[in-house]
Amino acid sequence: METKSIMIVGVGGQGTLLTSRIIGNVITKAGFDVKISEVHGMAQRGGSVVTFVRYGDEVAEPIVEEGCADILIAFERLEALRYAHFMKKDGVMIINDVRMDPMPVAIGAAEYPENIIENLSKKYKVISLDAKKEAIELGNARVFNTIIVGVVAKSMEFSCDEWIEVIKETVKPKTVDINIEAFKKGFER
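As a starting point, this report considers the structure included with it.

What counts as what
Numbering of residues starts from 1 in every chain and runs along the sequence as written. Thresholds applied to this predicted model are a pLDDT of at least 70 for local features of residues and 80 or more for the giving and counting of side-chain atom pairs; totals over whole chains, interfaces and linings are not thresholded and use all residues. Neither water nor hydrogens contribute to the side-chain values; these are computed over all heavy atoms in the structure. Only protein chains enter the accessibility calculation, which uses a 1.4 Å probe; a residue is then buried when its area is under 20% of its type maximum, exposed when over 50%, and partly exposed in between. Helix and strand definitions here come from DSSP, where helices need a minimum of 4 consecutive H or I residues and strands a minimum of 2 consecutive E residues; each element is numbered from the N-terminal end. This arc is taken over the directions from the axis of the helix to the C-beta atoms. Pairs of residues are marked as contacts when any of their non-hydrogen atoms sit within 4.5 Å. By convention, a stacked pair of Phe, Tyr or Trp rings (six-membered ring in the case of Trp) has centres within 6.5 Å and planes under 30 degrees apart, an edge-to-face pair has planes over 60 apart, and any other such pair is tilted. Distance and angle both matter: a charge sits over a ring if NZ of Lys or CZ of Arg is within 6 Å of the ring centre and within 35 degrees of the ring normal. What counts as a salt bridge is simple: a side-chain nitrogen of Lys or Arg found within 4 Å of a carboxyl oxygen of Asp or Glu. Among the buried residues, those of types Ala, Val, Leu, Ile, Met, Phe, Trp, Tyr and Cys that are joined through side-chain atoms within 4.5 Å form a nonpolar core. Fitted lines through C-alpha atoms serve as axes, helices being fitted only where they are in contact, and the angles separating the N-to-C directions of these axes extend from 0 to 180 degrees. Roughly parallel refers to an angle under 35 degrees, roughly antiparallel to one over 145, roughly perpendicular to one between 65 and 115, and oblique to any angle outside these ranges. Left-handed describes a crossing whose near helix is turned anticlockwise from the far helix by less than a right angle; the clockwise case is right-handed. Under the scheme applied here, ten amino acids are nonpolar (Ala, Val, Leu, Ile, Met, Phe, Trp, Tyr, Cys and Pro), four are charged (Asp, Glu, Lys and Arg), and all others, including Gly, are polar.

Here the focus is helix α5 (residues 131-138). Those residues of α5 that fall on the buried side of the exposure criterion are Ala131, Glu134, Ala135 and Leu138. Around the axis of α5, the buried residues are gathered within 100° of arc, so they sit on the same side. Projecting away from the buried face of α5 at angles above 90 degrees are the exposed residues Ile136 and Glu137. Those residues of α5 that are buried lie in contact with β5 (87-96), β6 (125-129), α6 (144-153) and α8 (176-187). Of the residues flanking the end of α5, it is glycine 139, one or two places downstream, whose phi is positive at about 105°.

Encoded structure:
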């Protein structure tokens, strides 16, 4: 298998690391070589968090270069815009349609860009959703990232059952049921 590259971008505390673990565990269980690299930029203060996941028959390094991401998962729309240049022309961008103002916007030193998703859709295949709203409807706002994992799973070559097995093994035992429900909600979109 040709090496495939995934980027997960978000803001500290959004669950990017759990998401990368679930994706990485599914890939490993399927017998592929997988490399994961996590880059924290002031994550504990709401700064950017970037995770690279690369997999295939043999993967030399975890870093995704510009123009090489098959899938970009963005937990916030400005993060999607910030990292769009990493996308392959035929890649898929999955965007959580939520706004979290970075510090320069919060203090009035910069403006939050308008029409981010619409502008990105002109250049890339974009799937957008308000996963936080959907998670609240399920009764637990914290599982929004597992809804996104469900959407991502449809763009990958692994079965629904493989994903569910890994979710059961990866999330905290008391949250297994709600996470499986959240995954299915994303997967069935």
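Moving on, there is more to tell.
Time to look at the packing of aromatic side chains. Scanning all chains against the criterion turns up nine aromatic pairs. With a centroid separation of 6.2 Å and 45° between ring planes, the pair formed by tyrosine 83 and phenylalanine 86 is classed as tilted. For the pair tyrosine 83 and phenylalanine 86, a shared accessibility class is recorded, and that class is buried. Centre to centre, the rings of tryptophan 163 and phenylalanine 183 are 6.1 Å apart; their planes meet at 25°, and the pair counts as stacked. Placement of tryptophan 163 in helix α7 (residues 160-170) and of phenylalanine 183 in helix α8 is noted, with a sequence separation of 20 residues between them. Phenylalanine 183 gets classed as buried once you look at its relative accessible area, which sits at 0%. Here the aromatic cluster, defined as three or more aromatic residues joined through ring pairs, consists of Phe32, Tyr55, Phe158, Trp163, Phe183 and Phe187. Over the aromatic face of phenylalanine 187 sits the side chain of lysine 154, whose NZ or CZ is 5.5 Å from the ring centroid.

The next point concerns the pattern of salt bridges. The tally for this structure, following the rule as stated, stands at 10 salt bridges. Across the pair arginine 77 and aspartate 97 runs a salt bridge, and its minimum N-O distance is 2.8 Å. Placement of the pair is arginine 77 in helix α2 (residues 77-83) and aspartate 97 in the loop between β5 and α3 (103-106), with a sequence separation of 20 residues. For arginine 77, a relative accessible area of 22% puts it in the partly exposed group. Close ionic contact of aspartate 101 with arginine 99 constitutes a salt bridge, the shortest N to O distance being 2.6 Å. Relative accessible area serves as the criterion here: at 41%, arginine 99 is assigned to the partly exposed category.

Counting 38 residues, the largest nonpolar core has Ile6, Ile23, Ile73, Met156 and Trp163 as the members making the most contacts within it. The leading source of residues in this core is α6, at seven residues. The residues contacting tryptophan 163, other than those within four sequence positions of it, are Ile22, Ile23, Val26, Val149, Ala153, Met156, Phe158 and Phe183.

Extensive coverage of α6 is indicated by the burial of 10 of its 10 residues. Among the residues of α6, those classed as buried are Phe144, Asn145, Thr146, Ile147, Ile148, Val149, Gly150, Val151, Val152 and Ala153.

The phi dihedral of asparagine 115 falls on the positive side, at around 55°, and the residue is not glycine. Structurally, the position occupied by asparagine 115 is in the loop between α3 and α4 (116-121). Residue asparagine 115 is classed as partly exposed on the basis of its relative accessible area, which comes to 46%.

Following both chains from N to C, one finds α5 and α8 inclined at 135°, their axes separated by 11 Å at the closest point. The orientation of α5 with respect to α8, classified from their angle, is oblique. For the pair α5 and α8, the sense of crossing is right-handed. Together, Glu134, Glu137 and Leu138 of α5 and Ile178, Glu181, Ala182 and Lys185 of α8 make up the contact between the two elements. Its residues assigned to classes, the contact of α5 with α8 comprises three nonpolar, no polar and four charged.

Function cannot be inferred from these measures alone, as they are strictly geometric.
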